[in-house]
Amino acid sequence: MAVAELIAAKREHREPPATPEPAGNSGQLVDLMAALQESVSKAQASRGEDDGPADVHEMPAGRTAKKKPAKVTTWRARATPCEPRRNLDAP
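It should be emphasised that the depicted structure is a prediction, and the values quoted were computed from it without experimental measurement.

About the criteria used
Residues numbered from 1 in each chain as written. Predicted model: local features only at pLDDT ≥ 70, side-chain atom pairs only at ≥ 80, totals over all residues. Heavy atoms only, no water. pLDDT = per-residue confidence, 0-100. Helix = DSSP H or I, 4+ residues; strand = E, 2+ residues; numbered from the N terminus. Expected span 1.5 Å × (residues − 1). Patch = residues over 30% accessible without salt bridge, like charges linked within 9 Å, V, L, I, M, F, W, Y side chains within 5 Å. Areas by Shrake-Rupley, 256 points an atom, 1.4 Å probe, with all protein chains shown as cover. Salt bridge = Lys/Arg side-chain N within 4 Å of Asp/Glu carboxyl O. Buried < 20%, exposed > 50% of the residue type's maximum accessible area, 1.4 Å probe, protein only.

### A few points about the confidence of the model for the protein
- Predicted confidence across the protein gives a mean pLDDT of 76, with 68% of residues reaching 70 or more.
- Averaged over each element, pLDDT in the protein is lowest for helix α3 (residues 75-78) (56) and highest for helix α2 (residues 32-47) (89).

The structure is reproduced here in structure tokens:
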């Protein structure tokens, strides 16, 4: 409705209606880290986990995949055989 009133005022060449001043700081400041920590704690509690730090375990040795050596191909092995050169000037 405010936009319609503004357009009507412009068409009639009169002053647009005054806009009310916004109220002071009516919003709340939120500590994002505290909110995040609270959310994580609630999620852990719902899963039955404790609030302590996560357990870190050493990975067992010797369980990594064996890497195969890279296959080496030279440009000659990849090249296709060429036809013999023809003499285009010969009859």
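### With respect to α2
- Between its terminal C-alpha atoms α2 stretches 23 Å, which fits the 22 Å expected from 16 residues at 1.5 Å a residue.
- Phi turns positive one or two residues past the end of α2, at Gly 48, with a value near 80°.

### Re a nonpolar patch on the surface
- Together, Met 33, Leu 36 and Val 40 line one region of the surface with nonpolar side chains, adding up to about 290 Å² of accessible area.
- Position of Leu 36 relative to the elements: it lies in helix α2.
- Residue classification places Leu 36 among the partly exposed positions, given a relative accessible area of 48%.

### Let's talk about unusual backbone geometry
- Even without glycine at this site, His 13 takes up a positive phi of about 55°.
- Inspection of the secondary structure puts His 13 in the loop between α1 (2-11) and α2.

### Brief notes about the pattern of salt bridges
- Taken as a whole, this structure holds two salt bridges when the rule is applied.
- Residue Glu 12 is joined to Arg 14 by a salt bridge in which the shortest nitrogen-to-oxygen separation is 2.7 Å.
- For Glu 12, a relative accessible area of 52% corresponds to the exposed category.
- Among the residues examined, Arg 14 registers a relative accessible area of 46% and is labelled partly exposed.

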